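Results of the structural survey
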Amino acid sequence: MLKAVLFDMDGVLVDSMPGHAKAWVKAAHDVGFSLTEQEVYINEGRTGDGTINILMQRERGRDATADEVKEIYSIKSHYYNLEPEPPVIEGAAEMLRSVQEAGLKCILVTGSGEKAQLARLEKHFPGVFTRETMVTSFDVCHCKPHPEPYLMGLRKAGVEADEAIVVENAPLGVQAAVAAGIFTVAVNTGPLPESALSEAGAGIILPSVKAFPEFLNTFIHKQ
Ligand code: CA
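Criteria and cut-off values
Residues numbered from 1 in each chain as written. Predicted model: local features only at pLDDT ≥ 70, side-chain atom pairs only at ≥ 80, totals over all residues. Heavy atoms only, no water. Helix = DSSP H or I, 4+ residues; strand = E, 2+ residues; numbered from the N terminus. Rg over C-alpha atoms; globule rule 2.2 N^0.38 Å. Buried < 20%, exposed > 50% of the residue type's maximum accessible area, 1.4 Å probe, protein only. Contact = heavy atoms within 4.5 Å. Areas by Shrake-Rupley, 256 points an atom, 1.4 Å probe, with all protein chains shown as cover. Lys, Arg positive; Asp, Glu negative; His and termini not counted. Charge placed at Lys NZ, Arg CZ, Asp CG, Glu CD. Donors = N, O, S within 2.8 Å, 3.2 Å for Na, K, Ca; no water. Phe/Tyr/Trp six-rings, centres within 6.5 Å; stacked < 30°, edge-to-face > 60°. Lys NZ or Arg CZ within 6 Å of the ring centre and 35° of its normal. Axes fitted to C-alpha atoms, helices over the stretch in contact; angles between N-to-C directions. Parallel < 35°, antiparallel > 145°, perpendicular 65-115°, else oblique. Nonpolar A, V, L, I, M, F, W, Y, C, P; charged D, E, K, R; others polar. Core = buried A, V, L, I, M, F, W, Y, C linked by side-chain atoms within 4.5 Å. Salt bridge = Lys/Arg side-chain N within 4 Å of Asp/Glu carboxyl O. Polar contact = N/O pair within 3.5 Å; in protein donor to acceptor, adjacent residues only side chain to side chain.

Concerning the overall build of the chain
- For the chain, the count of helices and strands is 10 helices and 6 strands.
- Rg of the C-alpha trace for the chain: 17 Å, near the compact-globule value of 17 Å for 223 residues, within the 12% margin.
- A total of 223 residues make up the chain; the buried ones form 52% of that total.
- Pairs at least 24 residues apart make up 65% of the contacts formed inside the chain by residues separated by at least 6 positions.
- Looking at the chain as shown, the accessible area adds up to about 10100 Å², and 53% of this sits on carbon and sulfur atoms.
- Across the chain, the centroid of the 20 positively charged side chains sits 3 Å from that of the 30 negatively charged ones.

Take a look at the structure:
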């Protein structure tokens with residue numbers, strides 16, 4: 001029986017990925033690394049540390065030091081915070097309301113460490129998420145596509161994997177949720193092909209976040 005829905009943030013609730021992509025590309029170029037926006041979308045879901053280590057491995061053949069991670073992430077955050085405040089994804093508030101009205105728990109599972117963005121969740125979706133119902137980059141040792149963030153989300157919800165579903169927009173996020181044993185609903189809000197989400201193991205791909213309430217209603221009645 002379904003008891004909880006675990007939501008990714010960037011690209012599912014907030015249309016923040018264009019800003020993240022621009023900020024990562026600028027930060028990488030500032031430290032002499034090459035990076036394209038397409039690569040940012042392919043790596044979407046990783047924590048800042050995870051993304052920086054992949055870049056450092058490619059460019060220097062080694063992991064980044066703690067100081068390098070801190071420096072590069074602070075440059076990325078600086079550029080991200082210069083971007084206009086990202087709008088809420090169309091239909092996100094209605095999606096969260098449909099979950100609450102069905103009597104299910106809403107849990108956030110994000111790789112983000114952008115404090116300003118996390119703080120804005122309360123403004124956009126008042127009363128939906130609290131620190132006790134959020135998993136962020138500050139809570140985990142392993143980032144998506146590792147299952148740890150979603151396993152922690154299940155623990156925070158107090159439910160088993162077969163009592164939850166995940167809503168994700170990124171291939172690595174879908175992989176993480178599937179590795180945690182959770183049925184995963186993908187919404188393709190970015191530039192990657194749908195095949196990237198189905199190959200990652202998505203149980204269903206919805207055309208948009210706006211389609212979620214109808215999907216949930218059908219899913220609950222099929223149980
Ligand atoms: Ca995402």
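As for the coordination of the calcium ion
- Distances from the calcium ion to its protein donors, namely Asp8 (OD), Asp10 (O), Glu44 (OE) and Asn169 (OD1), fall within the range 2.1 to 2.3 Å.
- Sequence spacing among the residues donating to the calcium ion works out to D-x1-D-x33-E-x124-N. Taken as a pair, Asp8 in the loop between β1 (4–7) and α1 (17–30) and Glu44 in the loop between α2 (37–42) and α3 (48–60) lie far apart in primary sequence, 36 residues in all. Side by side, Asp8 and Glu44 carry an identical accessibility label, which is buried.

What about the packing of aromatic side chains?
- Tallied over the entire structure, the rule returns 5 aromatic pairs.
- Between Phe215 and Phe219, the ring centres sit 5.4 Å apart and the planes meet at 40 degrees, which makes this aromatic pair tilted. With a gap of 4 residues between them, Phe215 and Phe219 both fall in helix α10 (residues 212–222), about one helical turn apart.
- Using a relative accessible area of 10% as the deciding quantity, one classes Phe215 as buried.
- The rings of Phe7, Phe183, Phe212, Phe215 and Phe219 are connected pair by pair, giving a single aromatic cluster.
- Seen from the ring of Tyr80, Lys76 lies directly overhead, with NZ or CZ sitting 4.9 Å from the centre.

Digging into the packing of α3 against helix α4 (residues 66–82)
- Between α3 and α4, whose axes approach to 10 Å, the crossing angle comes to 105 degrees. Viewed along their axes, α3 and α4 adopt a mutual orientation that is roughly perpendicular. Residue-level contacts link Gly48, Asp49, Ile52 and Met56 of α3 to Glu68, Val69, Ile72 and Tyr73 of α4.
- Its residues placed into classes, the contact of α3 with α4 shows 5 nonpolar, 1 polar and 2 charged.

Section: the environment of Leu151
- In this fold, Leu151 is placed in helix α7 (residues 148–157).
- For Leu151, a relative accessible area of 36% gives the class partly exposed.
- Residues Leu151 and Glu199 lie 48 residues apart in sequence; the distance between their C-alpha atoms is 21 Å.

Quick notes on the nonpolar core
- Residues Phe7, Leu13, Leu121, Phe129 and Phe212 are the most contacted members of the largest nonpolar core, which totals 30 residues.
- Elements supplying a minimum of two residues to this core: β1, α5 (92–101), β2 (105–109), α6 (115–124), β4 (164–168), β5 (183–187) and α10.
- Considering every element that reaches this core, the biggest residue donor is α5, with 4 residues.
- With near-sequence residues (within four places) excluded, Leu121 lies in contact with Met9, Leu13, Val14, Leu108, Pro126 and Met134.
- Residues Leu35, Val40, Ala64 and Ala196 belong to the second largest nonpolar core, which totals 18 residues.

Regarding the side chain of Glu44
- Here Glu44 is buried and forms no salt bridge, its nearest opposite-charge partner Lys144 lying at an N-O distance of 7.6 Å.
- Within the structure, Glu44 has its side chain in polar contact with the side chain of Asn169 (distance 2.9 Å).

Overview of α7
- Buried residues dominate α7, accounting for 7 of its 10 residues.
- Of all the positions in α7, only Glu148, Pro149, Tyr150, Met152, Gly153, Leu154 and Ala157 are classed as buried.
- Buried residues along α7 sit in contact with β1, β2, β3 (134–135), β4 and α8 (171–179).
- Gly158 lies just past α7 and shows a positive phi near 70 degrees.

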